[in-house]
Amino acid sequence: MKFSEFRQYQPKPGQNVFVFVCEDDFLVEESRAVWLRIFGGSWVFEKYAAKEFEEIPAGRLMDEALTPSLFTQNRALLVTNAEKLTKGRVEHLTALQNVANASLKVVLVTSGRKSADPLAKIFPIVEIDTLRPADVARWLVDRYKLAPEIARHLVENVGMELYALHTEIEKLKTYVGDTRPIELRDIDVLILRSEQFGPFELDDAIIARDFKKAVQVLGAMLDEGVEPLIILSRIVRVWRQLFVGKGLVGKRSAKDLAAAALVPMWKAGDFAAGCKKFEWKQLAAGFRLLLQADRAFKTSTPNPEGYFDVMLWKLIG
């Protein structure tokens, strides 16, 4: 279901343990207000990783479920990476599920349906649909009252993680103040900033397969504090544009290519010429490299400049 539909969700009464499948951490945090409505009454939320939750004695969990306090709020626990829970802990939760009027609720959070399947066979499941770019852009428009073109530009350049987008919007709001709305140039100046190079020079270097220039621009962006994942999202955006353009080059006009790939019209000629420099096999292999980079920056701490240099060489060198 969509998160907006989840806001109206009403499970069967008397349930104490739920499985919550949601890929985005920001929405997991946003879900607290929804769970409070579902549970009713007064609840205080606590968040545990699966390993920390395993360390809580089973007897203590049951005591808290059976013994409502006259002086404190009832407890609701968000357990992340719940697919890592042991069989024994799941059995304890199964016993908790059968407690009437429990003063303890547990929400087991996983990021994917496949990993949640064993838990879903035992407990009720709420699965939030994977966000698409259009969904994220709409979320930005609704939540922050952005113009649609501003929202799309942010998604294309920052990515689809809501926490990252929220952080960048707060920076932009501070930058522009209350005097005017956020504009495209504000995003290019503040988020994709580089004092040495213009906002499109990294795009241009990749499209032209100019490895030396791409490394120079990327290095300047890193030196000036641009986050590696934001730079990576920019490269991914250009790679998608090349993929779209490659399918049309030679069949449609340069302006048609630019319009289809969302490239500025004044760059149509250079973009069409750049598309001819790439082979399908190279573009397909490039997506695999970009996916590997996304995983690397999210799960480890590689040296950004060295990693990007090697990746760019494989992409366009």
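Positions within a chain are numbered from 1, following the residues in the order the chain's sequence is written. Where totals are concerned, whole chains, interfaces and linings use all residues; where local detail is concerned, this predicted model gives features only for residues with pLDDT of at least 70, and gives and counts side-chain atom pairs only at 80 or more. With hydrogens and water set aside, each side-chain value is computed from the structure's full complement of heavy atoms.

1. Some words on the pattern of salt bridges
Side-chain pairing between opposite charges can occur once the charged atoms of the two side chains come close.
Reasoning step 1: What makes a salt bridge here is a side-chain nitrogen of Lys or Arg within 4 Å of a carboxyl oxygen of Asp or Glu, nothing more. Counted under the stated rule, the structure contains 23 salt bridges.
Reasoning step 2: With its nearest N and O atoms 3.4 Å apart, the salt bridge here joins Arg 60 to Glu 64. Highlighted residues: Arg 60 and Glu 64, both in helix H4 (residues 58–66), separated by 4 residues, approximately one helical turn.
Reasoning step 3: Residue burial is assigned from relative accessible area. The probe radius is 1.4 Å, only protein chains are included, and a residue is buried under 20% of its type maximum, exposed over 50%, and partly exposed in between. Accessibility expressed as a relative area gives 21% for Glu 64, which makes it partly exposed.
Reasoning step 4: With a closest N to O distance of 2.8 Å, Asp 117 and Arg 113 form a salt bridge. Taken together, the residues Asp 117 and Arg 113, both in helix H6 (residues 113–120) and 4 residues apart, mark about one turn of the helix.
Reasoning step 5: Among the charged side chains, a network of salt bridges with common partners joins Lys 2, Arg 132, Asp 135 and Arg 138. Numbering of helices and strands runs from the N terminus, with a helix taken as a DSSP run of H or I at least four residues long and a strand as a DSSP run of E at least two residues long.

2. Quick word on the environment of Arg 234
Reasoning step 1: Mapped onto the fold, Arg 234 is located in helix H13 (residues 228–248).
Reasoning step 2: Between the C-alpha atoms of Arg 234 and Val 158, which are 76 residues apart in sequence, the distance is 7.4 Å.

3. Topic: the environment of Phe 3
Reasoning step 1: Topologically, Phe 3 is positioned in helix H1 (residues 3–6).
Reasoning step 2: Separated by 128 residues in sequence, Phe 3 and Leu 131 place their C-alpha atoms 9.5 Å apart.
Reasoning step 3: Residue contacts follow a heavy-atom distance rule, with two residues in contact if any of their heavy atoms lie within 4.5 Å. Apart from the residues within four sequence positions on either side, Phe 3 is in contact with Phe 20, Leu 27, Glu 30, Ser 31, Val 34 and Ile 128.

4. Points about the packing of aromatic side chains
Reasoning step 1: Any two of the Phe, Tyr and Trp rings considered here, Trp counted by its six-membered ring, make a pair once their centres fall within 6.5 Å; the pair's planes then place it as stacked at under 30 degrees, edge-to-face at over 60, or tilted in between. A full pass over the atoms with the stated rule returns 19 aromatic pairs.
Reasoning step 2: Consider the rings of Trp 139 and Tyr 144, whose centres lie 5.6 Å apart with planes at 80°: the pair is edge-to-face. Take Trp 139 and Tyr 144: they sit in the same class, and that class is buried.
Reasoning step 3: Ring geometry for Trp 239 and Phe 278: centres 5.4 Å apart, planes at 85°, overall edge-to-face. With Trp 239 in helix H13 and Phe 278 in the loop between helix H15 (268–275) and helix H16 (280–299), the pair connects residues that are 39 residues apart, well separated along the chain.
Reasoning step 4: Judged by its relative accessible area of 0%, Phe 278 is buried.
Reasoning step 5: Members of the aromatic cluster, connected to one another through ring pairs, are Phe 3, Phe 6, Tyr 9, Phe 18, Phe 20, Trp 35, Phe 39, Trp 43 and Phe 45.
Reasoning step 6: Note on criteria: charge over ring means Lys NZ or Arg CZ within 6 Å of the ring centre, with the direction from the centre no more than 35 degrees off the ring normal. Cation over ring: Arg 89 sits above Phe 53, and NZ or CZ is 5.1 Å from the ring centre.

5. Observations regarding the sheet that holds strand E4 (residues 104–110)
Reasoning step 1: DSSP-based pairing: two strands are paired if at least 2 bridges between them are found. As summarised here, the arrangement of the 5 strands in space is E2-E3-E4-E1-E5, forming an open sheet in which the pairing is parallel. Edge strands, defined here as strands with exactly one partner in the open sheet, are strand E2 (43–49) and strand E5 (125–127). This sheet shows a mean twist of 20° between the axes of neighbouring strands, independent of strand direction.
Reasoning step 2: Pairing of strand E1 (residues 17–21) with E5 involves 3 bridges; the strand directions are parallel. Paired with Val 21 across the two strands is Glu 127, which belongs to E5.
Reasoning step 3: Contacts between helix H2 (residues 25–39) and the sheet are confined to E1, E2, strand E3 (74–80), E4 and E5, with E2 contributing the most and set at about 140° to the helix.
Reasoning step 4: Between N-to-C directions, angles cover 0 to 180 degrees, with each direction set by a line fitted to C-alpha atoms, over the stretch in contact for helices. Against the sheet, helix H5 (residues 87–97) makes contact with E1 and E4, and its axis sits at roughly 135° relative to E4, the strand it touches most.

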